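This is what each chain is made of:
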Amino acid sequence: MKNIKVGVIGCGIISNIHLDAIKKNKNAKLIVVCDKIIERAKIAANKYQCEYTDQVSDLLSLDLDVIHILTPHYTHYEIAKVVLESGKNCLLEKPMTINTQDALDLIKISDGNKNQKLGIVFQNRLNTTSQEIKNIIDNKTYGALKGIKASVTWLRDKDYYSHDDWRGKWATEGGGVLINQAIHTLDLIQWFGGEIDTISGSYGTYVLNDYIEVEDTATMIINFKNNSRGLLFATNNHATNSPIEIELVFEQGVLTLSDSKLYMKLNNQLKLLCEDNSGTGSKAYWGLGHEMLINNFYDSIINNENKYINAREAAQTIEILEKFYKYANQNLKIKIENTKEWSV
Ligand SMILES: NC(=O)c1ccc[n+]([C@@H]2O[C@H](COP(=O)([O-])OP(=O)(O)OC[C@H]3O[C@@H](n4cnc5c(N)ncnc54)[C@H](O)[C@@H]3O)[C@@H](O)[C@H]2O)c1
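Residue numbers here run from 1 along each chain, matching the order of that chain's written sequence. This being a predicted model, a pLDDT of at least 70 is required before a residue's local features are given, and a value of 80 or more before pairs of side-chain atoms are given or counted; all residues contribute to the totals for chains, interfaces and linings. Just so you know, side-chain values use all the structure's heavy atoms and leave hydrogens and water out.

K.L.:
Mind showing me how you'd approach the packing of helix H5 (residues 100-112) against helix H12 (residues 311-327) here?
P.N.:
Think of two packed helices as two axes; the pair is described by the angle between the axes and how far apart they sit. Under this scheme, a helix contributes an axis fitted over its contacting stretch, all axes are lines through C-alpha atoms, and angles between N-to-C directions fall in the 0 to 180 degree range. Strands here are runs of E lasting at least two residues and helices are runs of H or I lasting at least four, both read from the DSSP assignment and numbered beginning at the N terminus. Here H5 crosses H12 at 170 degrees, and the two axes come no closer than 9 Å. The angle between H5 and H12 places the two elements in the roughly antiparallel class. Contacts between H5 and H12 involve Thr100, Ala103, Ile107, Ser110 and Asp111 from the former and Ala311, Arg312, Ala315, Ile318, Glu319 and Glu322 from the latter. Classifying every residue of the contact of H5 with H12 gives five nonpolar, two polar and four charged. Should an angle lie under 35 degrees it is considered roughly parallel, over 145 roughly antiparallel, and from 65 to 115 roughly perpendicular; all remaining angles are considered oblique. Note on definitions: a residue-residue contact is assigned when non-hydrogen atoms from the two residues lie within 4.5 Å. Side-chain classes are defined by residue name, with Ala, Val, Leu, Ile, Met, Phe, Trp, Tyr, Cys and Pro counting as nonpolar, Asp, Glu, Lys and Arg as charged, and the others, Gly among them, as polar.

K.L.:
Explain the site of the ligand here, please?
P.N.:
Here, proximity means that at least one heavy atom of the residue falls within 4 Å of the molecule or strand. Close to the ligand lie 28 residues, the nearest being Asp35, Arg40, His73, Lys94 and Gln123. Counting of polar contacts relies on pairs of N or O atoms within 3.5 Å, with two restrictions inside protein: one atom must be capable of donating a hydrogen and the other of accepting it, and residues adjacent in sequence are counted only when both atoms are side-chain atoms. Within the side chain of aspartate 35, a nitrogen or oxygen atom sits 2.5 Å from an oxygen atom of the ligand. Histidine 184 places a side-chain nitrogen or oxygen 3.2 Å from an oxygen atom of the ligand. Each accessible area value is a Shrake-Rupley result obtained with a 1.4 Å probe; residue values ignore everything except the protein chains displayed when judging cover. When isolated, the ligand has an accessible area of 850 Å², and the protein chains bury 92% of it. What marks off one domain from the next here is an automatic or database domain assignment. Here the shell around the ligand spans two domains, since at least three of its residues come from each of domain 1 (4-123) and domain 2 (126-279 + 310-341).

K.L.:
Would you explain the domain arrangement of the chain in this entry?
P.N.:
How big an interface is tends to be stated in terms of accessible area lost as the parts join. According to the domain assignment, the chain contains domain 1 (4-123) and domain 2 (126-279 + 310-341). For domain 1 and domain 2, the distance between their C-alpha centroids amounts to 26 Å. Contact with domain 1, which involves 21 residues of that partner, is made by 24 residues of domain 2. By buried area we mean how much accessible surface two parts lose on assembly, using a 1.4 Å probe and totalling the loss over both. Taken together, the two surfaces of domain 1 and domain 2 that pack against each other cover about 1,900 Å², and 65% of this comes from carbon and sulfur. Think of a salt bridge as a Lys or Arg side-chain nitrogen and an Asp or Glu carboxyl oxygen that are within 4 Å of each other. Seen at the junction of domain 1 and domain 2, the total is one salt bridge. Notably, a salt bridge pairs aspartate 111 with arginine 312, separated by 2.8 Å at the nearest N-O pair. Taken together, the connections running from domain 1 to domain 2 amount to six residue pairs in polar contact (both at pLDDT 80 or more). Put simply, the parts of the chain that give the side of domain 1 that touches domain 2 at least two residues each are H5 and strand E6 (118-121). Sorting elements by how many residues they give to the side of domain 1 that touches domain 2 places H5 first, with five residues. The class makeup of the residues in the side of domain 1 that touches domain 2 is 12 nonpolar, six polar and three charged.

Below, the structure written as structure tokens:
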């Protein structure tokens, strides 16, 4: 079987999760890591036994099958663009970009080369519970879906935001709790709920005003074309990183995701359907699907399959977020386009 030759750009907090998964994949070989802070690249290279550099351009001329991009939000577009233009497959961390124009541009570039894949990291779609919810919706096991309610209540304080320059600023993070922490749950809501008609809601900075520009709390209402509704509450002002909670109301029962366990309430009886193998990792609240997502992406490259979240699918959250940040807080119903139908 073909060996996937891998490069990784960005050796910060998330990088160990990617590097561990690459190391475990029997079809992959890590060739090089890159960080503009050369010390970080060197530490990762020593730990994972590969070459290192502080220049993205060094990777472009190498014989690599895939490059992972794990850099701050504002750099995603520029780095993904040069990686795709070099003809390599690209696995890009969320959010895909910080505006829709850049997302469109990346779709255009990746659409232009049918042999090339651009995958976006929304690993929570691969959680056992997410897969079970999606099956129940698609099979109409409990009738039609009538509504979704979700909450992301985490803790990001002054220390978190002062650790790295790019966090907490519109220009570099592109937003706050919604684009960084709650984006996975927003993606799940739109994946479960289907095509969106309008959104509305509000956001603000209520606790962290002295340290950040971006929102620390948001409420979003999503009206789907099938007349069901999604409600999302997200805040970085909780006392801890609580597990994500989701409730889905069907014609014939209610599904609840709580503490990584999925329950069905039918005729007043609560039944455990499945649970995520969340382990004990300190970052379990991110979801633990990275390894599976990376394996699926490599399998897709080897077998020319589509077992990954492509740019058109991932762009839906960017379309929602850009419009929400622009028009929310004005009592408006904001019209949403279907990014899968975007012509580029
Ligand atoms: N999928 C998830 O659950 C998840 C979880 C955490 C972070 N993330 C995402 O991963 C990305 C990175 O997050 P992080 O927390 O690791 O950030 P970080 O700040 O800890 O790490 C980013 C690294 O990129 C390096 N870098 C910046 N610009 C560069 C450039 N031009 N060339 C080379 N290196 C450069 C920085 O020096 C830094 O070491 C973000 O997009 C974040 O949203 C995703």
